[in-house]
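Residue-level structure breakdown
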Amino acid sequence: MNETNLSEIDLADQNQDEYKYLRTTAAFIIEGVLLPILATFGIVGNLLCVWTFNKKDVELKPSFANLLKCLSIFDTVFLACILLQYSLPTLSEEYYIWVLPYITPYTLPIIHISLTGSVYSVVAVAVERFITVCFPFQQCQMWNGLGYIIPIILFSILYNLVKFFEIETIYLTHEEWVTYDNGTNISTTIIYPWLNATNLRRDPAYSEYVVFVLNFIVMGLLPVLLLSGLNFLIYRSISRATATHNNISSAHRRDNTMARLLMAIVIVFLSCHSTKIIVNFYEALQMVRYGSLSEHPAWIMLLVKVNHLLLTINSAINIVIYSYKDFKFRSVLFSAFRRKKSFTSFRTSMRSSFGSARYRSRYNSRVNGSSLYQHNSSSNSDQARTVETSLKESLMESSSSRNFIVENGDNAKHSCDIQPFLVDMVTHVYG
């Protein structure tokens with residue numbers, strides 16, 4: 001009987017060790033390897049999205065473009081805090097011991113604020129597309145999107161403001177004894193920072209109705225219902241408009257393209273937030289049924305790690321969706337990387353064209369100068385022959401031949417001085 005109990009205890013300890021090993025390995029792969037890569041890619045991608053949406057070549061309505069920029073900013077803040085809160089503690093033990101307890105009371109509420117802003121920015125984009133697609137003749141600009149953005153920011157901060165009072169940093173004193181070779185014992189007192197839940201967070205009513213039930217409704221159930229209903233209405237409106245595609249203006253076709261882009265965002269959103277909804281539902285159910293939250297089972301703990309990964313993917317993948325679904329966004333984004341190359345080739349082509357034009361002008365000037373010189377030379381030769389003939393005739397009539405030879409030499413020297421003057425004049429004008 002005792003041997004059976006001991007074997008069961010050993011088996012339980014072995015299973016517990018295997019569970020800890022699997023949990024540690026999964027945490028390192030997800031939060032130590034995948035999260036940093038995806039978060040870094042997402043931060044760069046979201047900043048590029050903000051830059052692209054500022055360009056007029058994207059041809060988006062100001063309200064829609066500003067909402068997408070707001071979404072990108074919330075996602076950037078979320079990804080940066082995810083790196084600080086989950087990735088760096090997995091990679092560095094010193095960071096986990098000495099840094100994490102100090103920043104968690106601030107980074108964790110900021111994560112919730114940015115996540116709430118991201119969720120309801122997607123809802124606001126769905127509302128804006130619903131009004132634009134289903135009521136195309138209604139002018140509802142909402143002050144270029146500020147009518148959506150300001151309430152989202154205020155709601156995200158006010159709803160999560162209480163989370164700044166849920167966790168606090170305390171200090172634990174640990175005394176270590178060191179024994180040296182000579183038998184001397186020296187004690188060293190080390191003060192470690194540690195995280196502790198406040199009295200507010202431990203309050204049963206607060207934990208039951210605010211942390212779990214209200215969070216499940218506000219961050220899970222309500223956004224899913226709104227996005228599902230709005231996207232169904234948008235899809236139905238687009239399907240009706242497709243039947244009369246030839247009668248739709250280019251502006252309405254652009255709006256329909258953006259509506260399809262929104263559908264892709266919502267599909268990714270629902271897929272990546274599914275694990276969070278499951279975890280929140282489980283916690284809310286435990287609090288309602290038992291009044292307290294027992295230790296999470298292994299599958300819930302693994303699902304929490306997967307939830308962090310999927311939320312990171314949801315915040316990082318927007319630039320891929322925009323580039324795939326919208327040709328104009330892709331063109332404007334890629335033009336930023338082609339601009340330097342295009343400018344260099346333009347400068348080279350202009351230099352080549354100007355150089356060739358200059359070469360042709362100089363070549364033509366030389367040809368014209370040569371032909372002019374040949375013409376002048378021939379004219380001077382004819383003139384010289386005429387003078388020579390006249391000299392011969394005069395020689396027959398006069399006896400002073402030396403003066404005529406000097407005159408002939410002066411005329412020849414004058415004809416040779418014409419060509420350099422003409423070439424210099426042509427080069428100065430066209431060079």
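The rules behind the values
- Residues numbered from 1 in each chain as written.
- Predicted model: local features only at pLDDT ≥ 70, side-chain atom pairs only at ≥ 80, totals over all residues.
- Heavy atoms only, no water.
- pLDDT = per-residue confidence, 0-100.
- Helix = DSSP H or I, 4+ residues; strand = E, 2+ residues; numbered from the N terminus.
- Contact = heavy atoms within 4.5 Å.
- Buried < 20%, exposed > 50% of the residue type's maximum accessible area, 1.4 Å probe, protein only.
- Polar contact = N/O pair within 3.5 Å; in protein donor to acceptor, adjacent residues only side chain to side chain.
- Phe/Tyr/Trp six-rings, centres within 6.5 Å; stacked < 30°, edge-to-face > 60°.
- Lys NZ or Arg CZ within 6 Å of the ring centre and 35° of its normal.
- Core = buried A, V, L, I, M, F, W, Y, C linked by side-chain atoms within 4.5 Å.
- Salt bridge = Lys/Arg side-chain N within 4 Å of Asp/Glu carboxyl O.
- Patch = residues over 30% accessible without salt bridge, like charges linked within 9 Å, V, L, I, M, F, W, Y side chains within 5 Å.
- Areas by Shrake-Rupley, 256 points an atom, 1.4 Å probe, with all protein chains shown as cover.

**Quick word on the confidence of the model for the chain**
- Of all residues in the chain, 70% attain a pLDDT of 70 or more, and the chain-wide mean is 77.
- Across the chain, element-level confidence peaks in helix α5 (residues 146-160) with a mean pLDDT of 96 and bottoms out in helix α14 (residues 418-430) with 34.
- Contacts of residues 369-431 to residues separated by more than four positions or lying in other chains number 16 contacts, the stretch itself having pLDDT below 50.

**Describing the side chain of Thr312**
- Structurally, Thr312 can be placed in helix α10 (residues 298-316).
- For Thr312, a relative accessible area of 0% gives the class buried.
- A polar contact is formed between the side chain of Thr312 and the backbone oxygen of His308, at a distance of 2.8 Å.
- Excluding residues that lie within four positions of it along the chain, Thr312 makes contacts with Leu35, Leu38, Ala39, Phe78, Leu79 and Ile82.

**Some points on the packing of aromatic side chains**
- All told, the structure shown has 10 aromatic pairs when counted by the stated rule.
- Ring geometry for Tyr282 and Trp299: centres 5.7 Å apart, planes at 70°, overall edge-to-face. Residue Tyr282 is located in helix α9 (residues 274-290), and its partner Trp299 is located in helix α10; the two are separated by 17 residues in the primary sequence.
- The ring of Phe64 is capped by Arg129, whose NZ or CZ atom sits 4.2 Å from the centre of that ring.

**Considering the nonpolar core**
- In terms of nonpolar packing, the biggest core is built from 60 residues, with Leu60 and Tyr322 touching the most fellow members.
- When residues of this core are assigned to their parent elements, the largest contribution, 13 residues, is made by helix α2 (residues 62-91).
- Setting aside residues no more than four positions away along its own chain, Leu60 makes contact with Phe53, Ala65, Leu68, Arg254 and Met258.

**Some details on the pattern of salt bridges**
- Tallying each qualifying case throughout the model produces 5 salt bridges.
- The residue Glu31 makes a salt bridge to Lys305 at a minimum N-O spacing of 3.4 Å. Linking Glu31 in helix α1 (residues 2-53) with Lys305 in helix α10, this pair joins segments that are 274 residues apart in sequence.
- Overall, the relative accessible area of 4% leaves Glu31 in the buried class.

**Some thoughts on unusual backbone geometry**
- Phi angles above zero are rare outside glycine, and Glu59 is one such case at about 60°.
- Take Glu59: it is sitting in the loop between α1 and α2.
- Judged by its relative accessible area of 47%, Glu59 falls in the partly exposed class.
- Positive phi is not limited to glycine here, since Asn144 has a value of about 55°.
- With respect to the element layout, Asn144 can be found in the loop between α4 (100-134) and α5.

**Brief notes about a nonpolar patch on the surface**
- The grouping of Trp143, Leu146, Ile150, Ile153, Leu154, Ile157, Leu158, Leu161, Phe165 and Leu200 at the surface amounts to a nonpolar patch, some 1000 Å² of accessible area in total.
- Among the secondary structure elements, Leu158 is positioned in helix α5.
- Residue classification places Leu158 among the exposed positions, given a relative accessible area of 62%.

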